[in-house]
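Structural characterization, general
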Amino acid sequence: MQYRTLGRTGVQVSTLALGAMNFGSLGRTTQDEATAMVDAAIDGGINLVDTADMYGRGESEEMVGKAIAGRRDDIVLATKAGMPMGDERNQQGSSRRWLVTALDNSLRRLGVDHVDLYQIHRWDPRTGDEETLSTLTDLQRAGKIRYFGCSTFPAYRIVQAEWAARENHLSRYVTEQPSYSILQRGIETHVLPVTEQYGLGVLAWSPLASGWLSGAIRKGREITTSRSAFLPQRFDLTLPANQARLDAVERLAALADEAGLTMIQLALGFVTAHRAVTSAIIGPRTMDHLRSQLAAADTALSSDVLDAIDAIVAPGVDLAPDEKFDTPPALLDPALRRR
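Keep in mind the model is a prediction, meaning the values are calculated, not measured.

1. With respect to the side chain of Thr135
Here Thr135 shows up in helix H4 (residues 129–141). Classification of Thr135 by relative accessible area gives buried; the value is 0%. When sequence neighbours within four positions are dropped, the list of residues in contact with Thr135 reads Arg96, Leu99 and Val100.

Here it is in structure tokens:
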């Protein structure tokens, strides 16, 4: 395992991080299985565990809390808030009213008195930057969080938040957590240059592109991954974007074979090769998944392999642009772009 400094914090984290989204009902993972995976991840050198309050409506946090009991100091613990946690309209977003409550709930579920990294899960257009940053700064000063970051923010929102922090003398985001993989490279155009400019650590989620780069999806095979069961539109091969992904996967599989690598090693090695990326977040559902992903921990791709990847999926290109999670709201809601 390799380690890198998380932004400008001075904290050393592993280049692979353990994501806990699949812990619980979503991944059909029991507490014993989750605990075994956390133990194996730590034994394999991983020291960053990432979860969120909305994963299983708190179930993931509860399972992570039980899994790390007695070894809290062995890990850098990260969680997120902001996605809906109930039917009540204010149980979401990044207002002071909700974040204070959401963090207390997360600490209770995790069984800890602080988290190392608290992240805003998505940009909340209804809440001003000063409101959110002042709340996070207060929570930091209270000792409930050590650092805070953002997740899936558009580049211009990261810049705006940096400006608001300086203008109002508040603490700043120290990390960004974007979606990034060989098949989704759009953040190379705007987001990663901004994170480098401002010294943010980058924790990349979905480096295996929802399973497209796991080796399980190939031409001529029925797609039976767990993700395809509840997100079938992302794997419908009648859609041009999905056919383009499958075509790229076939070329990438040939490249991996030629380089003596598994698809997982190629995919994770690509993400961690970018100079702006701190860690790739893996989200195993089973121990076999974890072992195959840990095997990529020390993968270093040669320049020839990286050049060949660029020839298959060009830098800055998203093969599935409709799956972007940082699209400005005005592109999704016509009312926001009309007088």
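2. Focus: the environment of Val112
Within the secondary structure, Val112 sits in the loop between helix H3 (96–110) and strand E6 (115–120). In this structure the C-alpha to C-alpha distance between Val112 and Thr5, which are 107 residues apart in sequence, comes to 24 Å. Discounting chain neighbours no more than four positions away, the residues touching Val112 are Ile68, Arg72, Leu77 and Leu107.

3. A closer look at empty space enclosed by the protein
Inspection of every chain in the model, using the stated rule, returns 2 cavities of 30 Å³ or more. For the largest cavity, the calculated volume is near 100 Å³. What lines the largest cavity is Thr152, Glu176, Pro178, Ser179, Gln184, Ile187, Val191, Asp318, Glu323, Lys324, Phe325 and Asp326. Classifying every residue of the lining of the largest cavity gives 4 nonpolar, 3 polar and 5 charged.

4. Some thoughts on helix H1 (residues 31–43)
An ideal rise of 1.5 Å per residue puts 18 Å on 13 residues; H1 measures up with 18 Å between its terminal C-alpha atoms. Within H1, the full set of buried residues consists of Ala34, Met37, Val38, Ala41 and Ile42. Looking down the long axis of H1, one finds its buried residues gathered within 130° of arc, a one-sided arrangement. The exposed set on the far side of H1, more than 90 degrees from its buried face, consists of Asp32 and Asp43. Each element contacted by the buried residues of H1 is listed here: strand E3 (16–19), helix H2 (59–68) and helix H10 (287–294). One or two positions beyond H1, positive phi appears at Gly45, with a value near 105°.

5. Comments concerning the sheet that holds strand E10 (residues 279–282)
On the basis of which strands lie adjacent, the closed barrel formed by 8 strands has the order E3-E4-E5-E6-E7-E8-E9-E10 and parallel pairing. If you compare each strand with its neighbour and ignore which way they point, the axes differ by 30° on average. Here E3 runs beside E10; their pairing, made up of 3 bridges, is parallel. Paired with Leu16 across the two strands is Ala280, which belongs to E10.

6. A closer look at the pairing of E10
Residue alternation in E10 divides its side chains into two sets, Ser279 and Ile281 and Ala280 and Ile282, and both sets are buried. Two strands pair when backbone bridges link them, and strand E9 (residues 201–204) and E10 are joined in this way by 2 bridges, in the parallel orientation. What sits directly across from Ala204, in E10, is Ala280.

7. Notes on the layout of surface pockets
Counted as a void, the second largest pocket has a volume near 230 Å³. What lines the second largest pocket is a set of 13 residues, among which Gly186, His190, Lys324, Asp326 and Pro328 lie closest to the centre. When the residues that make up the lining of the second largest pocket are grouped by side-chain class, the tally is 6 nonpolar, 4 polar and 3 charged.

8. Here's the deal with the pattern of salt bridges
All chains considered together, the criterion is met by 18 salt bridges. Close ionic contact of Arg71 with Asp74 constitutes a salt bridge, the shortest N to O distance being 3.6 Å. Residue Arg275 is joined to Glu196 by a salt bridge in which the shortest nitrogen-to-oxygen separation is 2.8 Å. On the criterion of sequence distance, the pair formed by Arg275 in the loop between helix H9 (263–273) and E10 and Glu196 in helix H6 (residues 191–198) is long-range, its members being 79 residues apart. Where salt bridges share partners, they join Asp39, Arg71 and Asp74 into one cluster.

9. Topic: unusual backbone geometry
Outside of glycine, negative phi angles account for most residues, and trans bonds account for most peptide bonds. Of note in the backbone geometry, Thr152 takes a positive phi value of approximately 60° without being a glycine. Classification of Thr152 by relative accessible area gives buried; the value is 6%. One non-glycine residue with positive phi stands out, namely Ser210, at about 55°. Locating Ser210 in the fold gives a position in the loop between E9 and helix H7 (226–230). Given a relative accessible area of 14%, Ser210 falls into the buried group.

Conventions and cut-offs
Residues numbered from 1 in each chain as written. Predicted model: local features only at pLDDT ≥ 70, side-chain atom pairs only at ≥ 80, totals over all residues. Heavy atoms only, no water. Helix = DSSP H or I, 4+ residues; strand = E, 2+ residues; numbered from the N terminus. Buried < 20%, exposed > 50% of the residue type's maximum accessible area, 1.4 Å probe, protein only. Contact = heavy atoms within 4.5 Å. 1 Å grid on protein atoms, 1.4 Å probe; cavity = no way out; pocket = protein on both sides within 12 Å on 5 of 7 lines; lining within 4 Å. Points joined across faces, edges and corners; volume = space filled by probe spheres on them. Nonpolar A, V, L, I, M, F, W, Y, C, P; charged D, E, K, R; others polar. Expected span 1.5 Å × (residues − 1). Arc of directions from axis to C-beta. Pairing = 2+ DSSP bridges. Axes fitted to C-alpha atoms, helices over the stretch in contact; angles between N-to-C directions. Salt bridge = Lys/Arg side-chain N within 4 Å of Asp/Glu carboxyl O.

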